[in-house]
Protein chains: 2
Amino acid sequence: MALDKIDRKILTLLQKDATMPVAEIGRKVGLSTTPCWRRIQKMEEDGVIQRRVAVLDPAKVNVGVTVFVSVKTNEHNDAWMRKFAGVIDEFPEVVEFYRMSGDVDYLMRVVVPDIGAYDSFYKKLISKINLTDVSSAFAMGQIKYTTALPLDFAIVVDDDK
Amino acid sequence: MALDKIDRKILTLLQKDATMPVAEIGRKVGLSTTPCWRRIQKMEEDGVIQRRVAVLDPAKVNVGVTVFVSVKTNEHNDAWMRKFAGVIDEFPEVVEFYRMSGDVDYLMRVVVPDIGAYDSFYKKLISKINLTDVSSAFAMGQIKYTTALPLDFAIVVDDDK
DNA sequence: CGCCCTTTCGCAATATTATTGCGCGAATGG
DNA sequence: CCATTCGCGCAATAATATTGCGAAAGGGCG
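It should be emphasised that the depicted structure is a prediction, and the values quoted were computed from it without experimental measurement.

Criteria and thresholds
- Residues numbered from 1 in each chain as written.
- Chains lettered and ligands numbered in written order.
- Predicted model: local features only at pLDDT ≥ 70, side-chain atom pairs only at ≥ 80, totals over all residues.
- Heavy atoms only, no water.
- Pairing = 2+ DSSP bridges.
- Helix = DSSP H or I, 4+ residues; strand = E, 2+ residues; numbered from the N terminus.
- Axes fitted to C-alpha atoms, helices over the stretch in contact; angles between N-to-C directions.
- Contact = heavy atoms within 4.5 Å.
- Phe/Tyr/Trp six-rings, centres within 6.5 Å; stacked < 30°, edge-to-face > 60°.
- Buried < 20%, exposed > 50% of the residue type's maximum accessible area, 1.4 Å probe, protein only.
- Domains from an automatic or database assignment.
- Least-squares fit on C-alpha atoms with pLDDT ≥ 70 in both.
- Near = heavy atom within 4 Å.
- Polar contact = N/O pair within 3.5 Å; in protein donor to acceptor, adjacent residues only side chain to side chain.
- Nonpolar A, V, L, I, M, F, W, Y, C, P; charged D, E, K, R; others polar.
- Buried area = accessible area lost by both parts, 1.4 Å probe.
- Salt bridge = Lys/Arg side-chain N within 4 Å of Asp/Glu carboxyl O.

Moving on: the sheet that holds strand β2 (residues 65-72) of chain A. Spatially, the eight strands close up into a barrel ordered β2(A)-β4(A)-β3(A)-β5(B)-β2(B)-β4(B)-β3(B)-β5(A), and their pairing is antiparallel. Pairs of neighbouring strands in the sheet enclose a mean axial angle of 35°, with direction left out of account. Seen against the sheet, helix α5 (residues 115-128) of chain B touches β2 (65-72), β3 (94-100), β4 (106-112) and β5 (133-145) of chain B and runs at an angle of roughly 135° to β4 of chain B.

This next bit is on the packing of aromatic side chains. Residue and element names in this part refer to chain A. This structure, assessed with the given rule, holds 21 aromatic pairs over all chains. Ring geometry for Trp-80 against Phe-84: centres 5.1 Å apart, planes inclined by 45°, an arrangement best described as tilted. One end of the pair, Trp-80, and the other, Phe-84, are both in helix α4 (residues 78-89), four residues apart, so they sit about a helical turn from each other. The burial state of Trp-80 is the same as that of Phe-84; both residues are buried. Judged by centre distance (5.0 Å) and plane angle (80°), the ring pair of Phe-84 and Phe-97 falls under edge-to-face. Taken together, the residues span a long stretch of sequence, with Phe-84 in helix α4 and Phe-97 in strand β3 (residues 94-100) at a distance of 13 residues. Taking relative accessible area as the criterion, Phe-84 reaches 0% and is therefore assigned buried. Overall, Phe-97 belongs to the buried group, its relative accessible area being 1%. Taken together, the ring pairs in this structure connect Phe-91, Tyr-118, Phe-121, Tyr-122 and Phe-138 into an aromatic cluster.

It is worth spelling out the domain arrangement of chain A at this point. For chain A, the domain assignment lists domain 1 (5-45) and domain 2 (59-138). A straight line from the C-alpha centre of domain 1 of chain A to that of domain 2 of chain A covers 37 Å.

Right, let's get into the relation of the copies chain A and chain B. The two chain copies are connected by a rotation around an axis plus a translation along it. By a simple turn and slide, chain A fits onto chain B: the slide is 0.0 Å along the axis, the RMSD is 0.0 Å, and the turn is 180°. The two molecules are tied by a two-fold rotation axis, judged by turn and shift. Among all residues of chain A, the one whose C-alpha sits closest to the rotation axis is Val-53 of chain A, at a distance of 2.9 Å.

Bringing the protein's contact with DNA strand D into the picture now. All residues in the neighbourhood of DNA strand D are listed as Leu-31, Ser-32, Thr-34, Pro-35, Arg-38 and Arg-39 of chain A together with Pro-21, Val-22, Thr-34, Trp-37, Arg-38 and Gln-41 of chain B. Atoms of DNA strand D within 4 Å of the protein belong to the sugar or the phosphate in 63% of instances, the rest to bases. Thr-34 of chain A places a polar side-chain atom, nitrogen or oxygen, 2.6 Å from a base nitrogen of DNA strand D. Thr-34 of chain B is positioned with one of its side-chain polar atoms (N or O) 3.2 Å from a base oxygen of DNA strand D. Looking at the surface near DNA strand D, the elements with two or more residues in it are α3 (33-45) of chain A together with α3 (33-45) of chain B. Residues that form the surface near DNA strand D fall into these classes: five nonpolar, four polar and three charged.

It is worth spelling out the environment of Val-48 of chain B at this point. Along the polypeptide, Val-48 of chain B turns up in the loop between α3 and β1 (49-56). A relative accessible area of 1% places Val-48 of chain B in the buried class. For the pair Val-48 of chain B and Ala-23 of chain B, spaced 25 residues apart in the sequence, the C-alpha separation amounts to 21 Å. Residue contacts for Val-48 of chain B: discarding those within four places in its chain leaves Val-55, Leu-56, Asp-57, Lys-60 and Val-61 of chain A together with Met-1, Leu-3, Leu-11 and Met-43 of chain B.

Close to DNA strand C lie Pro-21, Val-22, Thr-34, Trp-37, Arg-38 and Gln-41 of chain A together with Leu-31, Ser-32, Thr-34, Pro-35, Arg-38 and Arg-39 of chain B, which account for all nearby residues. By atom count, sugar and phosphate contribute 62% of the portion of DNA strand C lying within 4 Å of the protein. Note that a base nitrogen of DNA strand C is positioned 2.6 Å from one of the side-chain N or O atoms of Thr-34 of chain B. Taking Arg-38 of chain B, its side chain carries an N or O atom lying 3.4 Å from a base oxygen of DNA strand C. Secondary-structure elements contributing two or more residues to the surface near DNA strand C are α3 of chain A together with α3 of chain B.

Right, let's talk about the interface of chain A and chain B for a bit. Facing the 67 residues of chain A at the interface are 67 residues of chain B. Taking both partners together, chain A and chain B bury about 6,300 Å²; carbon and sulfur atoms supply 63% of that area. Our count for the contact surface shared by chain A and chain B stands at two salt bridges. Inspection of the region where chain A meets chain B yields 39 residue pairs in polar contact (both at pLDDT 80 or more). Of all elements in the fold, only α1 (5-16), β1 (49-56), β2, α4, β3, β4 (106-112) and β5 (133-145) of chain A reach the threshold of two or more residues within the side of chain A that touches chain B. Ranked by the residues each element gives to the side of chain A that touches chain B, the list is headed by β5 of chain A, at nine residues. Across the side of chain A that touches chain B, the residue classes tally to 42 nonpolar, eleven polar and 14 charged. Note that β5 of chain A and β3 of chain B share five bridges and pair antiparallel.

Printed below as a string of structure tokens:
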């Protein structure tokens, strides 16, 4: 499952633009289309490439506001966590959800059109599950957002090239 | 730029899987391929669909650890913000970056292989720009992560269907 | 109520791109 | 040094995207 320099180049390109024809990718990484295509296939089978998706403009679909919601709880067991996760899954406005170490127990990123919609979300949320301590932080602006992961840390065998 | 029910169905599908053939999308939304294709084109031109990307498995590219970094600063001017943004842009391990209201001024999400790599990142960061107060929170696990935005809030004209 | 205009549709033809089969040469390992 | 394996690239085939064009549906206006 190790990736060589060419694989990483391919991934870099696909993370930017997944519509690029394999032939063009091949040209950019110095490979003909067939081996390039086979590498991509393999990385999909291996699960390195999970999927290809369309990325929308948040403002254009009216969810220009991001809110980070921190949750503290007394319930520190697995069953409760699963329940919480299940509840969150039902909310499409929660786009990220993490279990945290330290001060807060959970952190989620929520996207909504405005403060009012966030309040609706908040009320719906606390009606579905009992939360001890919830704190909301509003983003005034998104300065950077990328789905592209850094490849500098990827496992490598062959790095002479 | 308003979206009707069919448009939203198309977007829902494309947010899940951007490789789906237009013909199949058309079938699922009750349209033949041509009008379906034209709708997709239009949404791309309008910028509703920003781009299509490959989503990688963080663990498979060795960035399984997420850290949220909160920054407080005394510099509350636009020039400094731009400089900060410029610095952050250079770090591929910072995948999200927000200007916040309230307690903290900036919040970023950083992906790294492990704590050690985070420490390296941290040192590099503070060497490039002077930050008053930095606080790091480690995610123990990613419970939910999606690039799909909710479409329930999108502007609609024709919603009889 | 009917007509015209605008919009959106769908079929069929064409162009692009993905995918497969096959043979070649380089690297590997004994 | 030989044999095996691996990755490459060409050329053929299959799938999909894209375009041209005419037909149907909706909407405003006489």
